[in-house]
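Residues per chain are reported as follows:
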Amino acid sequence: MPDTIEGAATLLRGANRVLVFTGAGISTESGIPDFRGPDGLWSKVDPDDFTLSRYLTSSAARKRSWMRWSTSPIRGARPNAAHVAIVDLARMGRLEGCVTQNIDGLHQAAGLPDELTVELHGNVWSVRCLACPAGWPTGEVFDRVENGDEDPHCPHCGGIIKLTVVSFGQAMPAWEMDRAYGMAGDADAVVAVGTTLSVWPAADIPLAAARRGVPFVIVNMGHTDFDAAADIKIEHPAGKALTRLLTLLGE
């Protein structure tokens, strides 16, 4: 079968429980840079700044982190056509769930229900104290940072506070991992979008579905670690590819 959007539509036409797995590449069309591209985040910052150990032990690293997030293009980003297409798949009753590595909240902003969304790496829009149960919407903490509190701490206990984004060296959320594997086990097809499938253990989720022999489609601009395992690889921007794919599936 040719590696075309039309070929993917033919492959997926009989699927009614599609698992969609998304990475940073689905949000680049919303103005959010990816991590590993020529202009990606890792080309501009020290990845060690994203480790839990440095965050906990270095006030300077926390200040850099809060400044980076408070000025991030994520704050003004809006869902793009790819996010909308996944919502359309849900409205067609053919989405098992969307498991995402992204922290931008754009799937929910596009209208995808929480019960169909699994955020493996957390979400930039909430903050928790690491020493007590307190938590806040991130906007409240950004206001503190913009008013001069460069290393904000918990006003209740004085503890270090942190976005609910999973850092390197921090445990993956067990509940979300369980939900993701449950979706992978029930899916009758899997579509990976905007991801190199190189970050573990997250990348094992779509592969868990593919290993059962269900149709496996990859939509990504550039190489992924599992191109050879896909039934079809589509190298088009995610918005164009998913919009066309949903049109064909709806015919």
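Predicted, not measured: the structure shown is a model, and the values here were computed from it.

**Student:** Would you take a moment to explain the packing of aromatic side chains for this structure?
**Tutor:** If you walk through the whole model with that rule in mind, you get two aromatic pairs. Where Trp66 meets Phe142, the ring centres are 6.4 Å apart and the plane angle is 80°; that geometry is what we call edge-to-face. Highlighted residues: Trp66 in helix H3 (residues 59-70) and Phe142 in helix H6 (residues 138-146), separated in sequence by 76 residues. Overall, the relative accessible area of 1% leaves Trp66 in the buried class. Overall, Phe142 belongs to the buried group, its relative accessible area being 1%.

**Student:** Would you mind going over the side chain of Ser167 with me for this structure?
**Tutor:** Here Ser167 lies in the loop between strand S6 (161-163) and helix H7 (174-186). Within polar-contact distance, the side chain of Ser167 engages the side chain of Lys162 at 3.1 Å. Residues in contact with Ser167, not counting those within four places in the same chain, are Phe50, Thr51, Leu52 and Lys162.

**Student:** Can you walk me through the pairing of strand S1 (residues 18-22) in this structure?
**Tutor:** Looking along a regular strand, one sees side chains alternate from face to face of the sheet. Burial of S1 is extensive: five of the five residues sit out of reach of the surface. Neither face of S1 is exposed, since Val18, Val20 and Thr22 on one face and Leu19 and Phe21 on the opposite face are all buried. Bridge count for S1 against strand S2 (residues 95-100) is five bridges, and the pairing is parallel. The partner of Thr22 across the bridge, within S2, is Thr100. By the bridge criterion, five bridges tie S1 to strand S7 (residues 189-193) in an arrangement that is parallel. Its bridge partner lying in S7, Phe21 is registered against Ala192.

**Student:** What is the right way to look at the pattern of salt bridges in this model?
**Tutor:** Applying the stated rule across the entire model yields 11 salt bridges. A salt bridge links Arg244 to Glu6; its shortest N-O distance comes to 3.5 Å. With Arg244 in helix H9 (residues 238-249) and Glu6 in helix H1 (residues 5-12), the pair connects residues that are 238 residues apart, well separated along the chain. A relative accessible area of 33% means that Arg244 is categorised as partly exposed. Taking relative accessible area as the criterion, Glu6 reaches 41% and is therefore assigned partly exposed.

Here is what the cut-offs are and how they apply
- Residues numbered from 1 in each chain as written.
- Predicted model: local features only at pLDDT ≥ 70, side-chain atom pairs only at ≥ 80, totals over all residues.
- Heavy atoms only, no water.
- Phe/Tyr/Trp six-rings, centres within 6.5 Å; stacked < 30°, edge-to-face > 60°.
- Helix = DSSP H or I, 4+ residues; strand = E, 2+ residues; numbered from the N terminus.
- Buried < 20%, exposed > 50% of the residue type's maximum accessible area, 1.4 Å probe, protein only.
- Polar contact = N/O pair within 3.5 Å; in protein donor to acceptor, adjacent residues only side chain to side chain.
- Contact = heavy atoms within 4.5 Å.
- Pairing = 2+ DSSP bridges.
- Salt bridge = Lys/Arg side-chain N within 4 Å of Asp/Glu carboxyl O.

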